[in-house]
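Chain residues, written in single-letter form:
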Amino acid sequence: MGLMKAIKALHVEDMDVVVEPGLGWMELNEYLKPYGLFFPLDPGPGASIGGMCGTRCSGSLAVRYGTMKDNVLAMKVVLANGDLIKTANRARKSSAGYDLTRLMIGSEGTLGVITEVTLKVQKIPEASVVAICSFPSIKDAADVAIATMHCGIQVSRVELLDEVMVKILNDANGTDFQVAPTLMFEFIGTDAYAHEQNLRVKKIAEEHQGSGFQYFDSPEDKETLWRMRKEALWACLAAAPHAEAMTTDVCVPLTRLADCITKSKEVLDASPLLCPIVSHAGDGNFHTIILFDPSNEEHTKEATRLNEFMVHTALAMNGTCTGEHGVGTGKLKYMEEELGYEALKTMKKLKHALDPNNIMNPGKIIPPHVCL
């Protein structure tokens, strides 16, 4: 779908836009900027709207604006039999029948081919402030993220980096941030409101042994900080130029984040592999970038062991094996443990009803042992 990149209609006053699936979210935001609007989901650079729908993605702003399922109003989809369906109109809400839009979001191409997407867009905030703070342990940092959410502070981003990731980003960008577990916050709204929330979080951080609290409100400084965060994967690959990255994607209930990330960190620190962590801490999601040599059998086994440890730890806490990256084939083996056989059988029935010949991206999401 890569050549289907058209922006078909923008309804400024309704705050929605109709696009084709090959359009990237970054290109969409360049188009929307002169209108004072933006699309708030921000996964990895280069992600397309169709792919973002397919995996039900989110990103660092999901804590404020929700995930892809919360930001799509309607779709056009070609089914396996050639039918072109419209899942909804542009109304902001509807109770008209089954929610076909959200059935397709996260289906990873297994139920149909998305040809058009209608998205909600948001006003660019009047002001924003970015703050960073360091902590003696990753548990302290996670506890502050949880406490911030419990206080009702309207953050737009809460990102957590472990000390390994901070060092990698320092080396890649020539910065000198304290090499310690670190939280990055963004507050938006009016200038006065953003700064007020910044001060409230500073107080919470200090109560949890936070140090070096800094805030940035110039556009250049804010852009530099978020660019560093968005390019974390590339910085990791540069730190280990002969390695590949296995990226994990577990997500747990917010109150279990500190426990999950602490248990994972103990195992990761004992591993011979380099394993930096970055987390969307405001919604309980964290990624470990496991850097390993795929030609080394012991490295591959160790990377797989670490990934499986984190998945099983998250599932034991009523979490998920994938918060935003999707299932594909790599996480098939965890699906029954997470959802149960009956749920997977229900998915299989839906798949068979819409694609009886199994021609739409076969072999994804539903494990092969699940039978009708």
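Here the residue index of a chain counts from 1 through its sequence in written order. Since the coordinates come from a predicted model, pLDDT governs what is reported: local features require at least 70, and pairs of side-chain atoms require 80 or more to be given and counted, while whole-chain, interface and lining totals use all residues. Side-chain numbers here rest on the full set of heavy atoms in the structure, without hydrogens or water.

The line we're drawing: UniProt positions are given in the numbering used here, feature names are shortened, and annotations may be inferred rather than shown by experiment.
An unreviewed UniProt entry lists the protein chain under the name D-lactate dehydrogenase (cytochrome), with Ceratopteris richardii as the source organism. Per UniProt, the comment on the protein chain under Subcellular location (unreviewed entry) is "Mitochondrion". Under Cofactor (unreviewed entry), UniProt gives the following word-for-word description of the protein chain: "FAD".

## A look at the pattern of salt bridges
A side chain with one charge can pair with a side chain of the opposite charge if their charged atoms come near. Convention followed: Salt bridge, as used here: a side-chain nitrogen of Lys or Arg that lies within 4 Å of a carboxyl oxygen of Asp or Glu. Each helix is a run of H or I in the DSSP string that is no shorter than four residues. Each strand is a run of E no shorter than two, and both are numbered from the N terminus. A 1.4 Å probe rolled over the protein chains alone gives each residue an accessible area, and that area as a share of the maximum for its type sets the label: buried under 20%, exposed over 50%, partly exposed in between.
Enumeration over the complete set of coordinates arrives at 22 salt bridges. With its nearest N and O atoms 3.0 Å apart, the salt bridge here joins Lys265 to Glu163. Taken together, the positions of Lys265 in helix α10 (residues 257–269) and Glu163 in helix α6 (residues 163–173) put the pair 102 residues apart, joining distant regions of the chain. Residue Arg305 is joined to Glu302 by a salt bridge in which the shortest nitrogen-to-oxygen separation is 2.9 Å. Of the two residues, Arg305 and Glu302 both sit in helix α11 (residues 297–316), three residues apart, roughly one turn of that helix. Accessibility expressed as a relative area gives 41% for Arg305, which makes it partly exposed.

## Details of the packing of helix α5 (residues 138–150) against helix α7 (residues 191–207)
Helices that pack against each other are described as a pair by the angle of their axes relative to one another and the distance between those axes. Basically, it comes down to this: For helices, the fitted axis covers only the stretch in contact; all axes are lines through C-alpha atoms, and the angles between them, taken along N-to-C directions, range from 0 to 180 degrees. Convention used here: angles under 35 degrees read as roughly parallel, angles over 145 as roughly antiparallel, angles from 65 to 115 as roughly perpendicular, and any remaining angle as oblique. Handedness of a crossing is defined here by the sense of rotation of the near helix relative to the far one, left-handed for an anticlockwise turn of less than a right angle and right-handed for a clockwise turn. Two residues form a contact once any of their heavy atoms are found within 4.5 Å. Gly is placed with the polar residues, together with every amino acid not listed as nonpolar (Ala, Val, Leu, Ile, Met, Phe, Trp, Tyr, Cys and Pro) or charged (Asp, Glu, Lys and Arg).
Here α5 crosses α7 at 140 degrees, and the two axes come no closer than 10 Å. Here α7 runs oblique to α5, going by the angle between their axes. Crossing of α5 against α7: the hand is right-handed. Here Val144, Ala147 and Thr148 of α5 lie close against α7, whose contacting residues are Val201, Ile204 and Ala205. In terms of residue class, the contact of α5 with α7 is made up of five nonpolar, one polar and no charged.

## Thoughts on the UniProt feature "domain: FAD-binding PCMH-type" (unreviewed entry) in the protein chain
The sites that UniProt annotates as "domain: FAD-binding PCMH-type" (unreviewed entry) are residues 1–124. Along residues 1–124, the helical share is 19% and the strand share 25%, with 29 Å between the first and last C-alpha atoms.

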